[in-house]
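Geometric and topological summary
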Amino acid sequence: MKSQKTFCRICEAQCGLVVTTEENRVIKIEPNRDHVNSQGYACIKGLKMGDFVHSPDRLRTPLKKVNGSFKPVSWQQAIGEIGERLAEIHRRHGGEAFAAYMGNPIGFSLWPTMVMTAFLKAFDGHKLFTPGTQDCANKFAGGHRLYGSPSDQTFPDIDHTRLLIAVGSNPVISKMSFISLPHPMDRIAAIEERGGKVYWVNPRRTESAKRCGEHLAIRPDTDVFFMLGFLNELIARDAVDYEQINQYMEGFEQLAQVVLPWTPERVAEVTHIPPERLRALVNDYIAAGAAAVYCSTGVNQGRFGLMVFWLQEAINAVSGNLDKRGGTLAGKNILPRPPAPGEERRSRIADIPYVNSLIPAGIMADEILTPGPGKVRAMINMSGNPLLTCAGSERLASAFEDLELFVCLDIVRNETANYADYVLPGLHSLERPDIPFYFFTMMGLMPTRSFFYTDPVVSPAGEARDEGWILRQLCHSANRSLGGSRLLQALSALGGSLSKLPLIGSITSLEKLFLELLTRSGKLGGIRKLRQSPDGLLLAPNEPGDYLGQRVNTPSGKIQLAPEDLIARCEELDNEYAQELAHRDALKLIQKRERFTHNSWAHNVEAFVKGERHTNYLYIHPEDASQRKLADGKLARVSANNRHIDVPVKIDDAMMPGSVAVPHGWGHQGADGLQVAKTTQGVNVNIILPDGPESIEPTSGMSHMNGVLVEVTAI
Ligand SMILES: Nc1nc2c(c(=O)[nH]1)N[C@H]1C(S)=C(S)[C@@H](COP(=O)(O)OP(=O)(O)OC[C@H]3O[C@@H](n4cnc5c(=O)[nH]c(N)nc54)[C@H](O)[C@@H]3O)O[C@H]1N2
Ligand SMILES: Nc1nc2c(c(=O)[nH]1)N[C@H]1C(S)=C(S)[C@@H](COP(=O)(O)OP(=O)(O)OC[C@H]3O[C@@H](n4cnc5c(=O)[nH]c(N)nc54)[C@H](O)[C@@H]3O)O[C@H]1N2
Ligand code: SF4
Ligand SMILES: [Mo]
């Protein structure tokens, strides 16, 4: 038996774990009490990871689809055949015909994601879809406009703040995003314990709101009006720090002008937050002296995610809370980060700008199905399940069928992989070396600023290979140079002979060489040194007072409070407001994450889907249910965009009247590669969510997944 310290790469908490193994099998996983960041916290998903590593459904060899069914083939055959077809498609159609989807789980491992970028470049391609446009591209777009780079982001100084307003976030379940905060609820509850306040702005009285703080129920997708009303009141109360604004910011007058019409009374009509409650909230925000507004996917996935984020950042900035102890801090990167993208490309479909070099996933089906120059014909899907996780699943299914070549890299054969020509076995996170997520290392979004390294804990299942290796082999086989660079290609070709090079010694893979060079360039001493701190290294913390006037990346060095296109979009808001009033009696669908599920992939473990958990539900307020004669446990039909799903009802008074929730990531009935998940009954909510150019936030590429108008009827 052997015990090894590592960390979990499932969510942004990145909890430290102690894994006991015997003969290359995980026997037990426990939280690491001594880990500098997580200090003994871990959730059930991290602790049950062994069930995924050793799942009987793990892919152990490459698979090729022959006459409609998958047959194991050798690596040599798979790489050879795929390489040939990639080269041939490139010859006929050039780089515009290439695309990739890079899913959420692999996003936590820097190396394969870097190789994927270089891979696309090798084929002159650039169409990289990721779930970024389902969860956070509005923040990247906002960082770019306000601070000069998508990677310039702020986070609440949780451990010192006296007031936290969390908009569209449910830490008990999700552990938060854009901040690495293991066991977030202890740290948030501590705000109250030291005499401060916590507010949850959310259409649902969430598990988090039940634990501490006060809940403000907001009508879904009206947060932009909430923020406008908040800022209007803040300015009306003259609670702005003019000295700071004059010194460090630009555009305040324009900003003040656009918020002027949005009084607490007026916005209340659509947000359903009474004006006196909004005023009291602003009052508390001012009185706190050190306060932070924070938002997450609940608003990111609405139609105005970028606007909400902009206004939130403006509130924190003009009130003097940015770069202040107990306010918000601008993260300091730990490792050198790549330069910010210059002028972004625009998509062939609908001319939408890329954000942070990503093309919106909401137009993936259009990119594949629309004929003409630039039509996508070859696609690699690495650790993603877009069929279940992207909006408009049925069109996506036709799109995947339409591809000339579709290759999936995953640890299992998921629903999307059913459409693939080849499915290639990649690594589970416990099978690879890693450093923390790039939000922390490159963007610095860490209240406890720290760094850790892990070696692989078990060796790969069967013939599974590192995705970086797979992509490199495909490049060689197609006779293309990785990243379009001969130097990289030559280095890549060195592969296993690295250990013979002087200075590099025990480093036997390109992946480790990459981590070695990166950590050395971040002055962390390289892998050997990092191994000496298996509980992680505590680094100098993010401190207030070193951002404004010093690290802002805009050309003038000042924060841009009034980005031109966002000011222009304010003109749409009168019309939007009128629409809201017109729809006030309609139901709006929101998302809901669950303790035992993780996007689309955690349903293949018996314990996670037993009993009541064998399906998802429609959560609906008792009044809305009785109006529609819906009974608990009985099926309801949820319709939108001329499509529908049928899902069992859960009557839930935590839902705000007028809003309903259906968790995503379900719909595994066709999952021949997933023995347990296949038996579950949940339905895929993304069948009814909108995709296509009309459904996308034009300035951030975000998909509209929250606050979608739906009809619900009894069956
Ligand atoms: N309706 C609706 N849809 C949503 C959302 C929502 O709120 N509502 N949320 C969106 C969000 S925020 C996200 S991030 C996306 C996520 O959606 P996706 O990016 O599609 O990712 P997942 O469903 O998490 O997992 C995809 C695949 O990763 C594989 N995988 C898991 N662990 C590993 C590993 O260790 N190594 C490798 N190589 N593969 C692994 C799994 O087997 C699975 O097949 O879903 C989005 N979809
Ligand atoms: N258990 C579990 N944990 C996860 C995941 C998972 O699938 N399962 N997914 C991971 C991923 S990929 C991500 S990106 C993060 C996301 O993590 P978070 O961004 O923290 O997301 P959620 O916890 O889903 O919280 C979103 C909240 O927004 C609320 N909401 C919905 N619509 C609106 C609205 O219009 N306005 C407002 N103000 N609120 C609204 C919802 O009720 C919900 O409580 O979670 C990660 N953690
Ligand atoms: S909270 Fe997130 S990082 Fe921590 S164990 Fe659970 S899934 Fe893993
Ligand atoms: Mo996400």
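Per chain, residues are indexed from 1 in the order of the written sequence. Chains and ligands are labelled sequentially in the order written, the chains with letters from A and the ligands with numbers from 1. The predicted origin of the model limits local features to residues at a pLDDT of at least 70 and limits the giving and counting of side-chain atom pairs to 80 or more, whereas totals for whole chains, interfaces and linings rest on all residues. The side-chain values count all of the structure's non-hydrogen atoms but skip hydrogen atoms and water molecules.

Focus: the side chain of H215
Working definition: helices are DSSP H or I runs of at least four residues, strands are E runs of at least two. Numbering for both runs from the N terminus. Its location among the elements puts H215 in strand β11 (residues 214–216). Overall, the relative accessible area of 18% leaves H215 in the buried class. In terms of polar contacts, H215 uses its side chain to reach the backbone carbonyl oxygen of N202, at 2.7 Å. Among the polar contacts made by the side chain of H215, one reaches the main-chain carbonyl oxygen of R204 at a distance of 3.3 Å. Those residues in contact with H215, other than ones at most four positions away along the chain, are W200, N202, P203, R204, R205, A209 and R277. For each residue, the accessible area found with a 1.4 Å probe, counting protein chains only, is set against the maximum for its type, and the residue is called buried under 20%, exposed over 50%, and partly exposed in between. For the purposes of these results, a polar contact is taken to be a pair of N or O atoms within 3.5 Å, where, inside protein, one atom must be able to donate a hydrogen and its partner to accept one; residues adjacent in sequence count only when each atom of the pair is a side-chain atom. A contact between two residues is defined here by any heavy atoms of the two lying within 4.5 Å.

Considerations on the site of ligand 2
Ligand 2 sits among 32 residues. The nearest are N202, D221, D223, S296 and T597. Within the backbone of I173, one N or O atom sits 3.3 Å away from a nitrogen atom of ligand 2. Between ligand 2 and the protein, one listed contact pairs an oxygen atom with a side-chain N or O atom of Q591 at 3.3 Å. The protein chains shown are the only cover counted for residues, whose accessible areas, like all others here, come from Shrake-Rupley with a 1.4 Å probe. Isolated, ligand 2 exposes 920 Å² of accessible area, and the fraction of that covered by the protein chains is 97%. For the shell around ligand 2, the elements supplying multiple residues, two or more each, are α7 (171–174) and α15 (297–300). Among the elements that make up the shell around ligand 2, the one with the highest residue count is α15 (three residues). Here a residue is near a molecule or strand as soon as one of its heavy atoms is found within 4 Å of it.

Considering the sheet that holds strand β5 (residues 69–72)
What the seven strands build is an open sheet, ordered β5-β4-β17-β16-β15-β6-β7; its pairing is mixed. Of all strands in the sheet, those with a lone pairing partner are β5 and β7 (127–129), marking the two edges. The sheet shows a mean angle of 20° between the axes of neighbouring strands, direction not considered. For every element, the axis is a line fit to its C-alpha atoms; helices are fit only across the contacting stretch, and the angle between N-to-C directions ranges from 0 to 180 degrees. Sheet strands in contact with helix α3 (residues 75–93) are β4 (63–66), β6 (98–102), β15 (378–382), β16 (405–410) and β17 (422–425), and its direction is about 130° off that of β17. Contacts between helix α21 (residues 467–477) and the sheet are confined to β15, β16 and β17, with β15 contributing the most and set at about 165° to the helix. Strands qualify as paired when DSSP identifies two bridges or more between them.

Here we look at the environment of S398
The topology assignment puts S398 in helix α19 (residues 393–402). Side-chain polar atoms of S398 contact the backbone oxygen of E394, separated by 3.1 Å.

Quick notes on the sheet that holds β11
By definition, the strands of a sheet pair up through backbone hydrogen bonds, in either a parallel or an antiparallel sense. Ordered in space as β11-β10-β9-β13, the four strands form an open sheet in which the pairing is parallel. Whereas interior strands pair on both sides, the edge strands pair on one side only; in this sheet they are β11 and β13 (291–295). Looking at each pair of strands side by side, their axes are set apart by 20° on average, direction ignored. Bridge count for strand β10 (residues 197–201) against β11 is three bridges, and the pairing is parallel.

Some thoughts on the environment of I79
For I79, the position within the fold is in helix α3. As for I79 and F108, which are separated by 29 residues in sequence, their C-alpha atoms are 25 Å apart. Residues within four places of I79 in sequence aside, it is in contact with I470, Q473, L474 and S477.

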